[in-house]
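Structure at a glance
Spelled out, the chains give:
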Amino acid sequence: MHRLKLVGSDTRQAYSSASAISSGPCCLEHIKQDERVTMGTNGNLYFSYALPKDSRKDYGCFAAFTRIRTIVQKTTMSVKVQRLKSETNSSESDSASLPVQPPSLLLPSGVQTVKVLLKGEDLQLECIPGGYPTPSITWMKMGETLTDRIILDNFKKLLTIPAVDEKDQGKYMCTAENSAGKDVHYFDVIVEEPPAWLTEPPQSQLAVIGSQVLIKCSVTGKPPPVITWRRNGEIFRDDRVNNRRVLDDTVMLHKAEPADSGVYQCEASNHHGSVLANINVLVMDMAPLMLTKDFQVYAVIEGGDIVMNCSVFSSPPSSISWTKEGTLIEGERFHVFENGQFLKIIGTEKEDKGTYSCMANNTKGTSSLTAQLEVKDPTKIVAPPQDVLIISGTSARLMCRAVFDRSLQDTFEVIWRKDGEEIFRSSEQSYRYIMEGDLLQIMNVNLDDQGLYTCIAQTSLDEDTATAFVTVLDVPDAPMSLKISDQESRNVTLSWIPGMDHNSSVTEFVVEYEESHWEPGRWKELQKVAGNQATAELFLYGDLNYQFRVYAVNAVGPGPPSEPTERLKTPPAAPDRNPENIKIHGHLPHEMDITWDPLLPTEYNGPGLEYKVSYRKLEVEDQWQEHLVMRPSFIVRNTSTFAPYEIKIQTRNSLGWGPQPKPITGYSGEDVPTTAPRNVAVEVINTTALRVSWSPVLPATVRGHLGGYNVYWVRIKSFLSPDEVLEERDSKSFSGNRTHAIVLGLEPFSEYRLTVSVFNKKGKGPKSDPVTFHTPEGVPGKVPILIASNILDDSVLLEWGIPSVTNGILTGFLLQYHHLNETSLEVIDSSELNITSPDATQQQFWGLVRGSLFRFDLSACTRAGCGPAQAQEYRTGVVASVGRTMARITTQRWFIGTLCAVALLTLVAVIVCFVMRNKGGKYAVKEKEDLFPDTESQGMNDDTFEYRQATSLHCYCSCCWAQLQSR
């Protein structure tokens, strides 16, 4: 066994011609590398130990130059591996018989290697060992821990540290070790760098005569740079006598003079490079020169800090002082620094506003400037936006109301940010954002709009911020990964993974199904489960080809459904239930109609669905009668009238019967009742109401469900007109099984006839024997009119009309009169008068107090009592003189009537003449006859006039006198 090295070019790939192992010489075979066979970074191929299989005649090396796209091939090499004589009896593939060889490093040679790199270059350390067994490589840094930036390649034989810096400098050691021993190699890594400025190149200076000028050239580098100073291109050396010092990286000019002005050069260099800086130094004397603009206006927010500038250039240095409106500035809040060139006011107040002056003076002169300070009100958000919950698709409104200093109005603006990113009006989504003043409106909100919104109210001097979180509520996402378990039975478990709830908890999941036999493509609800569950136990019908889907519901609404499951075919079975909502009707007296709600087709569970109708009569020994039907109805004929039956309905299909049904009770058809109520009695309660009672009919005679009783009554006559036959009929129904009823709305002082009948759904039964009864007299109705006439100082004439409804025989009137207090209207004195004449229509009152207020109450009376009163108020003595005159005239009623009649006839004649004259003044014969009737007609008219005078003249004249009095 020997260690073997094949020398190649500076390349990173080694190849072998494939002529020995492949059919064509055009192909190249990569040498397989492992812990034993390695190609180094120098392009050489190394074998930790050689084996007979390494013998080849066509080892070749190819160098690739990628930049010029060129590959260069080295002449092929031949390698022959021979065994020692002691190993000739061993198998060529038996590496275990090789002698143990301690490690030695094929690369690098020697004990130590020095590596010098520039800062930022990549460091590569390589150790390729030889020996048997193949040695392992370990790395360490002497006295330190290896950085975590190391990269180990090529079976740990190559260590790389990218972009080295001074921390990577030090001594590294690689160790090759196997069972026979170990070997080490040391790498001394030195990291150097060219010169560089530590901070920044030195800046030009403007100095005053007599001051100290210091120029510092701060550089770094490795090896340390050598610094050379020049002035105006010539070497500048240390001159202690003339106070011109050169101290390595620093030049110091003590008590500088104008002759020291010039261009100073600092050059720092090592063997890696150099840096150069030019510094202009100007030394001069001058009076104070204000570098700050005069009359500058400073603005600050109340409570904030402000620095006012008074930059001065002078030689020698100036003395600087600050005043406000002629007063030297003092106080803890006022700070002067930089030799007075800056005035800082901490925590400004409104009183700090005004004019400030800065004065600088030296031996060469004096200079000053003024500055104006304005103290502004702070910007503050007084109505910040509030956290909102908003439903997707609606609009969100965020308010941000702020107050600010009105002098800054031109610079004031409200800026909105979402999650730190500013919302621009010109963005792609700007059409959904409406920013008007202090309002941000988001149109058609979606889930992307959820986030933290920041309102920034800002001016050129300050700003205030407020935040609000917008939570977008939306319907839940569709559930995912639906899975069906126990697919061999009809009781299955459906599970799923809920989708996002979008900030509104899921309240329920709805499981839907679709089957392909009866209603393909139509989804129906199957079951609901609580929102905190993700499984559902489903009971399925047989002989159906199911698929399922699930959707979630939250407070916003139902979400989209999930993807449907694969089809699930359930096995056929007998029906699971019997029909429901069984109804029994009796449309005809000797028939019984039975109907029920049929099973849905999906509930058949298999082919051949039928219904077995069973019935038997109750209360007798009867056998069940059975019929098989396919329709959801059946008619039982030839039954007894309204007889009770037991009915039950059972389903079956080709696979068997449904569950055993429970019987229900029903009745056959009804007929009208056959008997009337007996023992009808009437008890008169008052003038308009009575209580009627009866004995109930026998249930068998009702021949149906008892609906109730009808009460009929006929008003035969009124005792006020006993000869007049009325026959006024009325009736009322009273539901339920009862034995009495109250009848209202009767007329007083009348004779009635009453009957009672029973009814059911089919109709009314016969009426009972009639019962005759009388209603008693009642009190009369209200007097229709009550007026006062002939009102004098101590008397009044009352007149009234007869009530239109007397409810009995009038016996007279009750007149009450009350003397009233004019202020409180309380009763001072009362009296009453019974007028016994039922025909009286007036009454004269004497002895009244002059100028007093009276109220008169008049009621009509019968033997049952007096009715409601008609009231009227009057005052005596107000129109006494008119009253006396009228009193004389009212005693001659016939004269007044005559005057009224003549006036009326005269008016009619004038109207007729006027009409005829408009027609031309010619009267037709018929018109003349109508205008001048014959003597008989005239006599009839006279009679009529006399009758009217006797009956109604009094009322008409009374109205006339009332009008005269009111005038």
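Residues numbered from 1 in each chain as written. Predicted model: local features only at pLDDT ≥ 70, side-chain atom pairs only at ≥ 80, totals over all residues. Heavy atoms only, no water.

**Focus: the overall build of the protein**
Put simply, the rule reads: Here a strand is any run of E in DSSP of at least two residues, a helix any run of H or I of at least four, and the numbering for each starts at the N terminus. Think of it in three bands: with a 1.4 Å probe and only protein chains considered, a residue is buried below 20% of the maximum accessible area for its type, exposed above 50%, and partly exposed in between. In this analysis, two residues are considered to be in contact whenever any of their non-hydrogen atoms come within 4.5 Å of each other. The protein chains shown are the only cover counted for residues, whose accessible areas, like all others here, come from Shrake-Rupley with a 1.4 Å probe.
Helix and strand counts for the protein come out as six helices and 76 strands. Burial statistics for the protein: of 967 residues in total, 39% are counted as buried. Considering only intrachain contacts with a sequence separation of at least 6, the fraction spanning at least 24 residues in the protein is 64%. Carbon and sulfur atoms provide 52% of the accessible area of the protein, an area that totals close to 54100 Å².

**So, the pattern of salt bridges**
Here is the rule: Basic side-chain nitrogens of Lys or Arg form a salt bridge, by our definition, when they fall within 4 Å of a carboxyl oxygen of Asp or Glu.
All chains considered together, the criterion is met by 36 salt bridges. Between Glu-514 and Arg-567 there is a salt bridge, and its shortest N-O distance comes to 2.8 Å. You can see Glu-514 sitting in strand β49 (residues 508-515) and its partner Arg-567 sitting in the loop between β52 (545-553) and β53 (568-569), a full 53 residues away along the chain. Linking Glu-626 and Lys-612 is a salt bridge whose minimum nitrogen-to-oxygen distance equals 3.9 Å. Taken together, the residues Glu-626 in strand β57 (residues 625-629) and Lys-612 in strand β56 (residues 610-617) connect sequence positions 14 residues apart. Since its relative accessible area comes to 17%, Lys-612 is described here as buried. One network of salt bridges, in which partners are shared, links Arg-333, Glu-349 and Asp-352.

**Observations concerning the pairing of β49**
Our working rule: Two strands are counted as paired when DSSP detects at least two bridges linking them.
Summarising burial for β49: seven of the eight residues are buried, a large majority. Alignment of β49 against strand β50 (residues 524-530), held across six bridges, turns out to be antiparallel. Following the sheet pairing, Glu-512 is matched in β50 by Glu-525. Note: β49 against β52, eight bridges, orientation antiparallel. If you follow Phe-509 over to β52, its bridge partner there is Ala-552.

**Focus: the sheet that holds strand β73 (residues 842-845)**
Selection criterion: Under this scheme, a helix contributes an axis fitted over its contacting stretch, all axes are lines through C-alpha atoms, and angles between N-to-C directions fall in the 0 to 180 degree range.
Read from one edge of the open sheet, three strands run β69-β70-β73, paired in antiparallel fashion. Looking at the sheet topology across the chains shown, the edges are occupied by β69 (786-789) and β73. Neighbouring strand axes in the sheet, compared pairwise and without regard to direction, differ in orientation by 20° on average. Looking at chain direction, strand β70 (residues 796-800) and β73 are connected through four bridges and run antiparallel. Along β73, the bridge assignment pairs Glu-799 with Gln-842.

**Notes on the packing of aromatic side chains**
Note the cut-off: The pairing test for Phe, Tyr and Trp rings, Trp by its six-membered ring, is centres within 6.5 Å, and the orientation test on the planes gives stacked under 30 degrees, edge-to-face over 60, and tilted for anything in between. Lysine and arginine charges are scored as sitting over a ring when NZ or CZ, respectively, is within 6 Å of the ring centre and within 35 degrees of the ring normal.
Per the counting criterion, the structure on display carries 22 aromatic pairs. An angle of 75° between the planes, with centres 6.3 Å apart, marks the rings of Phe-539 and Tyr-541 as edge-to-face. In this structure an aromatic cluster arises from ring pairing among Tyr-817, Phe-845, Phe-854 and Phe-856. Sitting above the plane of the Phe-404 ring, Arg-406 keeps its charged end 4.4 Å from the centroid.

**Focus: unusual backbone geometry**
With omega at -5°, the peptide bond leading from Tyr-132 into Pro-133 counts as cis. By the secondary structure assignment, Pro-133 is in the loop between β12 (128-132) and β13 (136-141). A cis amide bond links Lys-222 to the next residue, Pro-223, at an omega of 0°. With respect to the helices and strands, Pro-223 occurs in the loop between β20 (219-222) and β21 (226-231).

**A word on a nonpolar patch on the surface**
Definition in use: Exposure above 30% relative accessible area and the absence of a salt bridge qualify a residue for a patch, where like charges join within 9 Å and nonpolar side chains (Val, Leu, Ile, Met, Phe, Trp, Tyr) within 5 Å.
Together, Phe-65, Ile-68 and Val-72 make up an exposed nonpolar region whose accessible area comes to about 290 Å². Positionally, Phe-65 belongs in strand β6 (residues 56-65).

**Here we look at the state of the cysteines**
Using the following cut-off: Any cysteine sulfur atom paired with another within 2.5 Å is treated as part of a disulfide.
Counted according to the given criterion, the structure contains five disulfides. Shown here is the disulfide that connects Cys-400 with Cys-455, its sulfur atoms set 1.7 Å apart. Note on the Cys-400 and Cys-455 pair: the S-S dihedral is about -65°, so by sign convention the disulfide is left-handed. Here Cys-400 is found in the loop between β39 (396-399) and β40 (401-403), whereas its partner Cys-455 is found in strand β45 (residues 451-458), with 55 residues between them in sequence. For the pair Cys-400 and Cys-455, one class covers both residues: buried. Of note for the protein: the bonded cysteines, numbered N- to C-terminal, pair according to 1-2, 3-4, 5-6, 7-8, 9-10.

**Quick word on the side chain of Asn-710**
The following threshold applies: Side-chain atoms alone can form a polar contact between residues adjacent in sequence; in general such a contact is a pair of N or O atoms within 3.5 Å, and within protein one must be able to donate a hydrogen while the other accepts it.
Mapped onto the secondary structure, Asn-710 falls in strand β64 (residues 706-718). In this structure Asn-710 comes out as buried when scored by relative accessible area, which is 5%. Within the local environment of Asn-710, its side chain forms a polar contact with the side chain of Ser-733, the two groups lying 2.4 Å apart. Setting aside anything within four residues of it in sequence, one finds Asn-710 in contact with Lys-732, Ser-733, Thr-755, Val-756, Ser-757, Phe-759 and Lys-764.

**Thoughts on the sheet that holds β64**
On the basis of which strands lie adjacent, the open sheet formed by four strands has the order β65-β64-β67-β68 and antiparallel pairing. Two strands in the sheet have a free side with no partner beyond their single neighbour: β65 (728-735) and β68 (771-774). Between one strand axis and the next, the sheet turns by 25° as a mean value, whatever way the strands run. Sheet analysis places β64 next to strand β67 (residues 750-760), joined by 11 bridges and oriented antiparallel. Opposite Trp-713, over in β67, you have Leu-754 as the bridge partner.

**Some thoughts on the side chain of Thr-38**
Along the chain, Thr-38 turns up in strand β4 (residues 37-39). Judged by its relative accessible area of 1%, Thr-38 is buried. In contact with Thr-38, other than residues within four places in its own chain, are Gln-33, Asn-44, Leu-45, Tyr-46, Ile-128, Asn-154 and Lys-157.

**Considering the environment of Ala-536**
Tracing the backbone shows Ala-536 in strand β51 (residues 535-539). Classification of Ala-536 as buried rests on a relative accessible area of 1%. Not counting residues within four places of it along the chain, the set of residues in contact with Ala-536 comprises Val-492, Thr-493, Leu-494, Trp-496, Val-511, Gln-527 and Val-529.

**Some words on the confidence of the model for the protein**
Heads up, the rule is: By definition, pLDDT measures how confident the predictor is in each residue, and it falls between 0 and 100.
Confidence in the prediction of the protein, expressed as mean pLDDT, is 86, and 87% of residues score 70 or more. Here residues 919-967 is a poorly scored stretch, pLDDT under 50, and it has 29 contacts once near neighbours within four places are set aside; other chains count.

**What to know about the environment of Leu-158**
Mapped onto the secondary structure, Leu-158 falls in strand β15 (residues 158-161). Its relative accessible area of 11% is what places Leu-158 among the buried residues. Along the backbone, Leu-158 and Gln-124 are 34 residues apart, and their C-alpha atoms lie at a distance of 6.8 Å. When neighbours within four sequence positions are excluded, Leu-158 is seen to be in contact with Thr-41, Gln-124, Leu-125, Glu-126, Ile-151, Leu-152 and Asp-153.

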